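One letter stands for each residue in the lines below.
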Amino acid sequence: MAKKNDFVFDFQAKSSIDLKRKMKIKVENEKALKDNTTNQGSNHTNTNVGNIQKLDHRKQSKVEVSKKMVELSKVSVQKNNKNRLEVDASKKTSESSKSEVEVSNKVAKLSKVHILNNNKRQLEVEATKENNNKRQLEVEATKMRKEHVLNNNTKKKLKSAMDHQVKGSIESRVSKNTNEQTKEIQQGLNNTMNKSHQAFEKKKSIPKCPAMPLNEYLDKNKEQNGVEEFDDEDIEENEMEENMENGCNHDGEEVEGTNVNKAEGNTLGASSSGLIKKRGKTLCRKIHAREFKDRQEITLNEEGQPIGPDDKTVSELSSFLGTLGRSSYFCPLTFTSWIALAKYWEECKIDPVWDFVNEKYIVPKEGRKAVIAIVNDAWRRYKCLLKKNHFSKYKTMREQLKNRPQEVPEEDFKKLLEYWRDENTKEVSHQNAQNIAQLKWRHRMGNKGFAVIREKMILYFKLFFHLSPIFLLF
């Protein structure tokens, strides 16, 4: 509409200009007629005719211009209509695009709502499972209580029945008035009551190797079996006599062994370039030399097992605890079991392992059980390796003492040899070997514990459950 109004205004302005020009021409013509009255009539007439013709020609040209302007206005109006149509079409397309965007937003909102609903359903399912497990546990607890009540009731019924029987027998035999019969009845009652108690009570198993220091255990065995103490010289003489009877010559063996060792030494010296250096024992010298200020903090899981801050620190902690388990200062081998060593610490009111660990690491109190369990495992494994490499490998006690490990004191090693030679310990070790042979799945993860692996698996499962609805949408 603005363009139309501008065009009409321009057309009116042009028409007003044309009228002004016409008026000027008329005025000029009148002036020319008045000024040229003195001139000849013929000349006046000719000039007037020429002027009139010029005016007519101008009028015709102006009319043609006005027609052209009208045509141009029509063309401009058509263009304006086309532009309006294009604008309307663009508005419609923009509206359609807006509607598509709104639809896509609605779809995204619906997908989010669907994901939230799925998560809620999963949580509800897990909650129902937990409730079912709780109910099952409660049902099992009630069953156990009922069984306990039934056992108590059966005991009471047996007692009452026996009392009734005894009373009836006593009443029937009162007429005889003999003390012997009453004694027999009482003895029978006591025997039946003892049998009923034995049926319900569990028999306590007495361990063949009780938890105590090796000195006490060896002294008890010597007192029971009547074995006299032997010095090292007496043991060597007895072994020499036995070997002489069997036709063995240890002196010759020693000479041969020395010759062989010398020959091996020469060959090794000749081919020193081809030696394969084996890895030594794990000592963790950096951790043992760590100061109190440079302690590392250990994170625990819900069960108090170390899982962080990263895998490296956890593996270093486990290897450090292994060095403590192999140390004769912190964990001596002069005890039959770890329980005896723990009792000794309780009696002395000391906790050397836990105190030393806290000097090198910052471990919460909840992690003491896991730390002591790792040290216990390392202590037992070290004891097993000593028996395998320094006791079972050699037949005579002289060879065993000759090949004693350097980190174990000689007195402690002699006690261990006597302990391992005992028949009760041999029976226990044989039974333990049979039990461990039945084990199918052993720990094969090195320094990395099952707690760290469990935490990683839990994280993977959580990520899977959170990302599974998104993958289902695609």
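You'll find the structure just up there.
Cut-offs applied
Residues numbered from 1 in each chain as written. Predicted model: local features only at pLDDT ≥ 70, side-chain atom pairs only at ≥ 80, totals over all residues. Heavy atoms only, no water. Salt bridge = Lys/Arg side-chain N within 4 Å of Asp/Glu carboxyl O. Helix = DSSP H or I, 4+ residues; strand = E, 2+ residues; numbered from the N terminus. Buried < 20%, exposed > 50% of the residue type's maximum accessible area, 1.4 Å probe, protein only. Patch = residues over 30% accessible without salt bridge, like charges linked within 9 Å, V, L, I, M, F, W, Y side chains within 5 Å. Areas by Shrake-Rupley, 256 points an atom, 1.4 Å probe, with all protein chains shown as cover. Expected span 1.5 Å × (residues − 1). Contact = heavy atoms within 4.5 Å. Lys, Arg positive; Asp, Glu negative; His and termini not counted. Charge placed at Lys NZ, Arg CZ, Asp CG, Glu CD.

### Side note on the pattern of salt bridges
What the rule picks out here adds up to 5 salt bridges. Asp 311 is paired through a salt bridge with Lys 456; the nearest N and O atoms lie 2.7 Å apart. A residue pair is termed long-range when its members are at least 10 positions apart, and Asp 311 in helix H8 (residues 311-325) and Lys 456 in helix H15 (residues 450-473) qualify at 145 residues. By relative accessible area, which is 31% here, Asp 311 ends up partly exposed. Between Asp 351 and Arg 368 there is a salt bridge, with its nearest N and O atoms 2.8 Å apart. Of this pair, Asp 351 sits in the loop between helix H9 (338-348) and helix H10 (352-360) while Arg 368 is found in helix H11 (residues 368-390), placing the two residues 17 residues apart along the sequence.

### Here we look at a nonpolar patch on the surface
Residues Met 457, Phe 461, Phe 464 and Phe 465 make up a contiguous nonpolar surface patch of about 450 Å² in total accessible area. Counting through the fold element by element, Phe 464 comes out in helix H15.

### What about H11?
Given 3.6 residues to a turn, an α-helix orients residues that are three or four positions apart in the same direction. Taking 1.5 Å of rise per residue, 23 residues should cover 33 Å, and H11 covers 32 Å from first to last C-alpha, within 8% of that figure. Every buried residue belonging to H11 is among Ala 370, Val 371, Ile 372, Val 375, Asn 376, Ala 378, Trp 379, Tyr 382, Lys 383, Leu 386 and His 390, and all of these are buried. Contacts from the buried residues of H11 go to strand E3 (306-308), H8, H9, H10, helix H12 (397-402) and helix H13 (410-421).

### A few points about a positive patch on the surface
A surface patch of like charges, here positive, comprises Lys 20, Arg 21, Lys 24 and Arg 58. No other element matches helix H1 (residues 2-35), which puts 3 residues into the positive patch. In this fold, Lys 24 is placed in helix H1.

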